[in-house]
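Read off the chains here:
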Amino acid sequence: MKNLRFLKPIISYFGIGLTITTLSRILLFLIFNERILENQNYSQLFVNGFRFDCILLCYTAFIPTLLILVLPDTFLQQIKKGINLYFIFFLFLILVMELATLDFINQYDTRPNRLFLDYLIYPKEVLGTLFKSYLPSLIVSAILLNSALYLALKHGKKLFYPVAGNYKTKLILFPVIAFLLVLGARGSLTSKRPINASNAIFCSDQMTNSLGLNSLYTVAFAAYAIKSEGDVKKYGKMDELEAYSRVKKYMDVSQFSSAGNPFLHTVSPDTIQPKYNVVVFLQESLGAEYVGCLNGLPLTPELDKLSKEGLLFTKLYCTGTRSVRGIEQVTSGFLPNPSESVVKLSGSQQGFFTLAEAFGRQNYDTSFIYGGMANFDNMASFFNGNGFKNIIDETDFDADGKKYAMKGTWGYCDEDLVVKANDYFKSLGSKPFFSLLFSTSNHEPFEFPDGRIKLHEQPKNTVNNAMKYADFSIGKFFELAKKEAYFKNTIFVVIADHNTRTYGKSLVPINKFHIPALIIAPNVKKGTTYDQLASQMDIPSTVLALSGITTKSPMPGRNLIKLPKGTKGRTIMLFHETYAFRVENDVIIINPNAKPLQFKVKSDTELIPVALNQELAKDALAHIVASSNLYKNRAYKAE
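Okay, so let's go over this structure. As the structure is a computational prediction, the values presented were derived from the model and not from experiment.

**Here's the deal with the overall build of the protein chain**
Along the backbone of the protein chain there are 21 helices and 18 strands. Radius of gyration (C-alpha) of the protein chain: 27 Å, near the 26 Å computed for a compact globule of 639 residues. Dimensions along the principal axes, computed over C-alpha positions, put the protein chain at roughly 90 × 55 × 45 Å. Residue burial in the protein chain is summarised as follows: out of 639 residues, 56% are buried. In the protein chain, of all internal contacts separated by at least 6 residues, the share reaching a separation of at least 24 is 73%.

**Description of the sheet that holds strand E16 (residues 586–590)**
Ordered by their spatial adjacency, five strands build an open sheet running E14-E15-E16-E17-E18, and the pairing between neighbours is antiparallel. Across the chains shown, the open sheet's two edge strands, defined by having one partner strand only, are strand E14 (570–575) and strand E18 (606–610). In this sheet, adjacent strand axes meet at a mean angle of 30° when their direction is disregarded. Inspection of the sheet shows E16 paired to strand E17 (residues 597–603) by four bridges, in the antiparallel sense.

**Some thoughts on helix H8 (residues 135–160)**
Along its length, H8 shows its largest kink, about 50°, at Lys154. Of all the residues in H8, the buried ones are Ser141, Leu145, Ala152, Gly156 and Phe160. The secondary structure elements touched by the buried residues of H8 are helix H1 (8–31) and helix H5 (80–108).

**Some thoughts on the packing of aromatic side chains**
The final tally for this structure, using the stated rule, is 44 aromatic pairs. For the ring pair Tyr424 and Phe425, a centre distance of 6.3 Å and an interplane angle of 65° mean the geometry is edge-to-face. On the basis of relative accessibility, which here comes to 1%, the residue Phe425 falls in the buried class. For the cation-ring pair, Lys170 lies above Phe6, with the distance from its terminal atom to the ring centre recorded as 6.0 Å. For Arg582, the ring lying beneath its charged end belongs to Tyr317, and the centroid distance is 5.5 Å.

**Section: the nonpolar core**
Phe425, Phe477 and Ile495 are the most contacted members of the largest nonpolar core, which totals 136 residues. In terms of residue count, the dominant contributor to this core is helix H21 (residues 614–632) (10 residues). With residues near it in sequence (within four places) discarded, Phe477 still touches Val279, Phe281, Val418, Phe425, Leu437, Tyr486 and Phe492.

**Side note on unusual backbone geometry**
Along the chain, Glu444 connects to Pro445 via a cis peptide bond; the corresponding omega equals 15°. Here Pro445 shows up in the loop between strand E8 (433–438) and helix H19 (463–481). Although it is not a glycine, Ser285 adopts a positive phi angle of roughly 60°. Tracing the chain through its elements places Ser285 in the loop between strand E2 (277–283) and helix H13 (301–306). The backbone phi angle of Glu584 is positive, close to 50°, even though this residue is not glycine. Checked against the element boundaries, Glu584 lands in the loop between strand E15 (578–583) and E16.

**Observations concerning the pattern of salt bridges**
Taken as a whole and assessed by the stated rule, the structure comprises 33 salt bridges. Two residues, Arg582 and Asp604, come together in a salt bridge whose shortest N-O distance is 3.5 Å. With Arg582 in strand E15 and Asp604 in the loop between E17 and E18, the pair connects residues that are 22 residues apart, well separated along the chain. Among the residues examined, Arg582 registers a relative accessible area of 2% and is labelled buried.

**Some details on the environment of Ser435**
As for its position among the elements, Ser435 is in strand E8. Spatially, the C-alpha atom of Ser435 lies 64 Å from that of Leu76, the residues being 359 residues apart in sequence. For Ser435, the contacting residues outside a window of four places in its chain are Val278, Val279, Val280, Ser367, Ile369 and Phe425.

**Quick word on the side chain of Ser541**
Topologically, Ser541 is positioned in helix H20 (residues 538–546). The class of Ser541 is buried, set by a relative accessible area of 9%. At a separation of 3.2 Å, a polar atom in the side chain of Ser541 contacts the main-chain carbonyl oxygen of Gly557. Apart from residues lying up to four places away in sequence, Ser541 is in contact with Met555, Gly557, Arg558 and Asn559.

**Let's talk about the packing of H1 against helix H3 (residues 44–70)**
Working note: a packed helix pair is described by the angle between its axes plus the distance between those axes. Packing of H1 against H3 leaves a shortest axis separation of 10 Å and a crossing angle of 155°. Comparing the axis directions of H1 and H3 gives the class roughly antiparallel. The chirality of how H1 crosses H3 is right-handed. Between H1 and H3, the contacting residues are Pro9, Ile10, Tyr13, Phe14, Gly17, Leu18, Thr21, Thr22, Arg25, Ile26 and Phe29 on the first element and Leu45, Phe46, Gly49, Phe50, Asp53, Cys54, Leu57, Cys58, Thr60, Ala61, Thr65 and Ile68 on the second.

**Focus: the state of the cysteines**
Scanning all chains against the criterion turns up zero disulfides. As a non-bridged cysteine, Cys54 has Cys58 as the owner of its nearest cysteine sulfur, 6.0 Å distant. On the basis of relative accessibility, which here comes to 16%, the residue Cys54 falls in the buried class.

**As for the pairing of strand E10 (residues 514–520)**
The buried fraction of E10 is high, at seven of seven residues. Residues of E10 alternate between two faces, with His514, Pro516, Leu518 and Ile520 on one and Ile515, Ala517 and Ile519 on the opposite face, all of them buried. Looking at chain direction, strand E9 (residues 490–496) and E10 are connected through four bridges and run antiparallel. In the strand pairing of E10, Val494 is matched with Leu518.

**Here's the deal with the pairing of E16**
Buried residues dominate E16, accounting for four of its five residues. Note that E15 and E16 share five bridges and pair antiparallel. When the sheet's bridge partners are listed, Val583 is paired in E16 with Asp586. Between E15 and E16, which pair antiparallel in sequence order, lie two residues; one of them, Glu584, sits at a positive phi of approximately 50°. Here E16 hands over to E17 after six residues, with Asn593 in that stretch at a positive phi of 55°.

**Looking at a nonpolar patch on the surface**
Together, Phe62, Ile63, Leu66, Val70, Tyr167, Leu171 and Val182 give the surface a local cluster of nonpolar side chains, amounting to about 550 Å² of exposed area. Mapped by element, the contributors of at least two residues to the nonpolar patch are H3 and helix H9 (167–186). With respect to the helices and strands, the residue Leu171 is situated in helix H9. Looking at Leu171, the relative accessible area reads 40%, which means it is partly exposed.

Rules behind the numbers
Residues numbered from 1 in each chain as written. Predicted model: local features only at pLDDT ≥ 70, side-chain atom pairs only at ≥ 80, totals over all residues. Heavy atoms only, no water. Helix = DSSP H or I, 4+ residues; strand = E, 2+ residues; numbered from the N terminus. Rg over C-alpha atoms; globule rule 2.2 N^0.38 Å. Buried < 20%, exposed > 50% of the residue type's maximum accessible area, 1.4 Å probe, protein only. Contact = heavy atoms within 4.5 Å. Pairing = 2+ DSSP bridges. Axes fitted to C-alpha atoms, helices over the stretch in contact; angles between N-to-C directions. Bend = angle between axes of the 7 residues up to and from the residue. Phe/Tyr/Trp six-rings, centres within 6.5 Å; stacked < 30°, edge-to-face > 60°. Lys NZ or Arg CZ within 6 Å of the ring centre and 35° of its normal. Core = buried A, V, L, I, M, F, W, Y, C linked by side-chain atoms within 4.5 Å. Salt bridge = Lys/Arg side-chain N within 4 Å of Asp/Glu carboxyl O. Polar contact = N/O pair within 3.5 Å; in protein donor to acceptor, adjacent residues only side chain to side chain. Parallel < 35°, antiparallel > 145°, perpendicular 65-115°, else oblique. Left-handed = near helix turned anticlockwise from the far one by under 90°. Disulfide = S-S within 2.5 Å. Patch = residues over 30% accessible without salt bridge, like charges linked within 9 Å, V, L, I, M, F, W, Y side chains within 5 Å. Areas by Shrake-Rupley, 256 points an atom, 1.4 Å probe, with all protein chains shown as cover.

Pasting the structure below:
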């Protein structure tokens, strides 16, 4: 063994790395064991875990291992500090990511992924949320990280400094060890392609599957995937024209206007009618489970009352789990793409169809009103380049000198938002307008002014109380609007962007995609409901058809009010990289680099595996391919 002492730094690195990831996985197993044990093959997560831990360690150990085996001892002694710091750095990074995992799972029901990277560029909001909602976790993590760093710097030399060895022995072992590292990084000898995250799927519970990975791997995998943004080949291949043809089957349009713009069609009112204003009030995280009139918790008395004044959609589902997905849908109705929301993609920052662009061509004032900073999630750039003439955000609240109710971590509270919006609409006089309002209060750390609501529970800053306050603000907005002249000539849409924590035992937790949507308008019958399956992407098409304007639209969504009876309901849901295409009670689920699966929806919380309908699977893939091609070809325009 003395002749192999030179392998000590590598063995130490693997030993400590596997100890960190394994202990973390055991802890997560103990915390979530009740849910994990419901899966018959739950032990597979430890097998997968060891496999993916080795993949990560083999990748990260390759360069220092190469140096240790190839360089003579005299050169190694000159770079020994660098090798030591290299190993310490990656072990520290592994520990940081594992310490962040529990809180991330509690929030997003999966290990850190692309969302983790997205939030790193918003330190103000994220740090504010962490300090107010996760302070105990931060303190414990800080203590552990500082202790680990102290021990690493104190004992790193003993563990990771290269040890002298017989140079001939090292050269003989080099091809063997290099082969083992490549094999370990690849994860398999039999597979045509290297093992990736999709190989960790062994059950229908997405969160349990993610525990078979490690968090540095999932974040690194997400970062690597950014380079193929918009590339949907990992879901399957299909001819472009076939994809468009299959998507058109699900639209309620008989004539299309342009071959180069496959979904372009004319939208016009059935009869002569006024051109109405449109206000879309997008609600942060208002899932159906919190809405009384949708059989949820009794947290929305104002929305429940308002549901008697318009058209309530009782089986409507959002397309994603992030605000940018909801924004994408209510403003542009674009086919959701698994890679990223168009709000953030570089190729859609101008010349991309939105309702604001359509109404702007009709000489409407178009605005986005938000209590926070409009640069969050790239909103300001997307809106500014695509038809929103006026963007009003936190800086405008700061500058106008008025006394507002409260400014929190994410900006001004919802009642301040509606007061600001109402004042703005009044200032427009008789000019028609389209506006998107976006709430902030129902977001961790759930801050809102005192004395507005009777608390649902103690302590104050909980999601249920924040929901109730958000509902209070909806009521206040309509109370203010009803006193103004613009009210009688306006279409109001109240809709959620997504639910709160999206989690569940299924590959796609359908119940967590169920959201409220309500349209109150002069030309909509009061106290009615739409009880068929529908998608968030159908709402902008429905609103445009109600608005009284005649325009061109590329939106593939349906006008639900005029949808022929007997038309099967359709919705699309994206859960991280998992794509779900549902038609009535049949749902196709597609994961990257994996064969599609089909389930029968017994209920929103119970999916029963069934034989794959190849045609339905092709229709599901067609919507992914069509979305990608529309974006790549810059074909999502009203011309």
